[in-house]
Amino acid sequence: MKKRNRIIALLMVTALTGASLLGCGGSDDKGSEKNPPASDNGKTEQDAPKDESQEVKQGKTEITFWTQDSTTYMGWFKEAVEQFNAQSETVQVNAEYFPNFSDKLSQAFAADQQPDVAFTWQGITPWAKAGKLAPVSEECLTKEEMEAQFYEGALKNKLYDGQYYCVPAEINVESPSLFVNMDLLDKMEKELPASWIENNGPATWEELEQFAKELTIKDGDSITQSGLAYVYSSWEAMFPSLIWQYGGDYRDEENKVVHFDTEEARKAAEFMLKYCKGEDAISDSGTSRYDLFTQGTAAMCVGAPWYASSFDTDAEGLNYQVFNMPAFVDGANPYHVATGGWGYIVSSKTDESVQKAAWEFVKYMTTTEMTESWALGTGALSADKNAFANLQYDPNVGSVEKCIAITTEVLQYGQEDGAYTLDASQLLYTICRQQLRQMLENGDIDTALKTMEAEGNDMIDANLNR
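Definitions and limits used
- Residues numbered from 1 in each chain as written.
- Predicted model: local features only at pLDDT ≥ 70, side-chain atom pairs only at ≥ 80, totals over all residues.
- Heavy atoms only, no water.
- Pairing = 2+ DSSP bridges.
- Helix = DSSP H or I, 4+ residues; strand = E, 2+ residues; numbered from the N terminus.
- Axes fitted to C-alpha atoms, helices over the stretch in contact; angles between N-to-C directions.
- Contact = heavy atoms within 4.5 Å.
- Salt bridge = Lys/Arg side-chain N within 4 Å of Asp/Glu carboxyl O.
- Phe/Tyr/Trp six-rings, centres within 6.5 Å; stacked < 30°, edge-to-face > 60°.
- Buried < 20%, exposed > 50% of the residue type's maximum accessible area, 1.4 Å probe, protein only.
- Core = buried A, V, L, I, M, F, W, Y, C linked by side-chain atoms within 4.5 Å.
- pLDDT = per-residue confidence, 0-100.
- Parallel < 35°, antiparallel > 145°, perpendicular 65-115°, else oblique.
- Left-handed = near helix turned anticlockwise from the far one by under 90°.
- Nonpolar A, V, L, I, M, F, W, Y, C, P; charged D, E, K, R; others polar.
- Polar contact = N/O pair within 3.5 Å; in protein donor to acceptor, adjacent residues only side chain to side chain.

Re the sheet that holds strand E14 (residues 320–324)
At step 1: Strand order in the open sheet formed by three strands is E13-E8-E14, and the pairing between neighbours is antiparallel. Looking at which strands have only one partner, the edges of the open sheet turn out to be strand E13 (300–303) and E14. Sheet twist, expressed as the mean angle between neighbouring strand axes with direction ignored, is 25°.
At step 2: Here helix H16 (residues 400–409) sits on the sheet in contact with strand E8 (177–181) and E14, set at roughly 10° to E14.

Written out as structure tokens, the structure is:
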């Protein structure tokens, strides 16, 4: 049965009851699966909540700390920051939480009004190149210590010109998980294939596709219940996975360009369209797959580990199971995006004493125990190689613990998404996303591929030469 590590008991008070970590309000439509802007909830900057629960002790160095305002994040960080402030004799952290956090932080850096410390998912190399970030202090972690502690994939997009500028909390995996609504299966009198429990999921895409077709309900050409929801939001993470599984690669680090106008990318796009259009359709094509699942109009969905932590809030009482996705392409390995996600950065614009205090806070927040606690509370995967060595779960029940444990087993197939571009997040979650959505509307694969290649290379050229 489930067992939590000792630090979890101290900090889990509100984390598991929070709202969607990365969908921010229950939808993953506003950003990547693990790289979103914060929720669009109508707040203004003046509404940004501040953590004022701890009085400043005399003689402490105060630092400002920013992150997004999702309920999950605020719930966990308020506990963690309070604990840090209570035990530190020298540093006082003043935390603020923002809606539309991506825009807020970018605007602050552009105006040189950034906080002392931020916890963010954004690509940090443009800020490092511009001299706005401090390299990770050796008093926090040496380069050798970072490379010994964290997964390689979690570090590559934190490195610029031979130095690390961000300490990761997670390794960001995009959509290797399969969630099943067991309540809908019961309603339809369908049995979950027994082998899925034993094998942590279906053995092949063909097996999953066939079961999804049995669970799909249509009214004419319209799908009223998706057998397997995978479309629209964050399916851009599925796109590189398919390219890799077809034997291709859009990344060309040696020449500092990307290639999307390729046969493998064309096959990937055709695969993505096949199952949301026409007679083979198994997924609604116009609504977030996360929303379809939590609203009870999808029997299964493709997703990221953070989904599991969000169901408690967005689908309270939902009886679900979680498995690993098989490879989409017969005979291929189940490649997926696995790269550096959320992590801690420190401004270079603050004075030396404040930077020292900031790195003390970062060091505390990125210990194995703290990243375990944060990951379990939010459904992420800790960037720490030593995390969750003894995590246990019930294989017959969907849970955050099971999702984290089985996803760790497929990390060997994770691929970083192009750190050399200096902004892989913009490449996939802006450029590719926009073109894939346009392709979904008009079916024009050629234009989508040519445009994302041209725009991607323009972005790289601008990043390298600005």
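Quick word on the pattern of salt bridges
At step 1: Applying the stated rule across the entire model yields 12 salt bridges.
At step 2: Note that lysine 156 is salt-bridged to glutamate 416, the shortest N-O span being 3.8 Å. Of this pair, lysine 156 sits in the loop between helix H6 (152–155) and strand E4 (159–160) while glutamate 416 sits in the loop between strand E17 (414–415) and helix H17 (424–442), and the two are 260 residues apart along the sequence.
At step 3: Three or more residues joined by partner-sharing salt bridges are found here, namely Asp261, Glu263, Arg266, Asp446 and Lys450.

Points about the packing of aromatic side chains
How two aromatic rings sit relative to each other is set out by the distance from centre to centre and by the angle between their planes.
At step 1: Inspection of every chain in the model, using the stated rule, returns 41 aromatic pairs.
At step 2: With centroids separated by 6.4 Å and ring planes inclined at 25°, the aromatic side chains of phenylalanine 65 and tyrosine 344 adopt a geometry described as stacked. Of this pair, phenylalanine 65 sits in strand E1 (residues 61–68) while tyrosine 344 sits in strand E16 (residues 343–346), and the two are 279 residues apart along the sequence.
At step 3: A residue is classified by how much of its surface remains accessible, and tyrosine 344, at 1% relative accessible area, is buried.

Quick look at the nonpolar core
At step 1: If you look at the biggest cluster of nonpolar residues, it comprises 86 residues, and the most contacted ones within it are Phe65, Phe77, Phe179 and Trp374.
At step 2: A per-element tally of this core places helix H14 (residues 352–365) first, with eight residues.
At step 3: When residues no more than four places from it in sequence are discounted, the contact partners of phenylalanine 77 are Phe65, Thr67, Glu82, Tyr97, Phe119, Tyr344, Met365 and Trp374.
At step 4: Trp205, Tyr230, Ala268 and Ile460 belong to the second largest nonpolar core, which has 57 residues in total.

Quick look at the pairing of strand E15 (residues 336–340)
At step 1: Taking burial as the measure, the five residues of E15 include five buried ones, the bulk of the element.
At step 2: Note that strand E7 (residues 171–174) and E15 share four bridges and pair antiparallel. By the bridge assignment, asparagine 172 is partnered in E15 with threonine 339.
At step 3: Here E15 pairs with E17 via two bridges, running parallel. The residue of E17 that forms the bridge with histidine 336 is glycine 414.

With respect to the environment of leucine 422
At step 1: Tracing the sequence through the fold places leucine 422 in the loop between E17 and H17.
At step 2: On the basis of relative accessibility, which here comes to 9%, the residue leucine 422 falls in the buried class.
At step 3: Spatially, the C-alpha atoms of leucine 422 and leucine 464 are 7.6 Å apart, while their sequence positions differ by 42 residues.

Describing the side chain of glutamine 149
At step 1: Its location among the elements puts glutamine 149 in helix H5 (residues 143–149).
At step 2: If near-sequence neighbours (up to four positions away) are discounted, glutamine 149 is found in contact with Leu141, Thr366, Thr367, Thr368, Ala383, Asp384 and Lys385.

Some details on the sheet that holds E15
At step 1: Pairing is mixed across the open sheet formed by three strands, whose spatial order is E7-E15-E17. This sheet does not close on itself; its edge strands, each paired only once, are E7 and E17.
At step 2: Against the sheet, helix H10 (residues 238–245) engages E15 and E17, with an angle of about 115° to E15.

Overview of the environment of glycine 247
At step 1: Counting through the fold element by element, glycine 247 comes out in the loop between H10 and strand E11 (251–252).
At step 2: Residues glycine 247 and valine 329, 82 residues apart in the sequence, show an inter-C-alpha distance of 9.8 Å.

Things to note about the confidence of the model for the chain
At step 1: Mean pLDDT over the chain works out to 88, with 88% of the residues at or above the 70 mark.
At step 2: Here residues 1–46 scores under 50 on pLDDT; set against residues more than four positions off or in separate chains, the count is 169 contacts.

Overview of the packing of helix H11 (residues 263–274) against helix H18 (residues 445–465)
At step 1: It is the contact of H11 with H18, at a shortest axis distance of 10 Å, that shows an interaxial angle of 130°. What the angle tells us is that H11 and H18 run oblique. Considering how the two elements wind past one another, H11 and H18 form a crossing that is right-handed. Residues Ala265, Arg266, Ala269, Glu270 and Leu273 of H11 lie in contact with H18, whose contacting residues are Ile445, Asp446 and Leu449.
At step 2: When its residues are assigned to classes, the contact of H11 with H18 shows five nonpolar, no polar and three charged.

Digging into the side chain of serine 88
At step 1: Topologically, serine 88 is positioned in the loop between helix H2 (71–87) and strand E2 (91–98).
At step 2: We classify serine 88 as buried; its relative accessible area is 2%.
At step 3: In this structure the side chain of serine 88 is engaged in a polar contact, spanning 3.0 Å, whose partner is the backbone nitrogen of valine 91.

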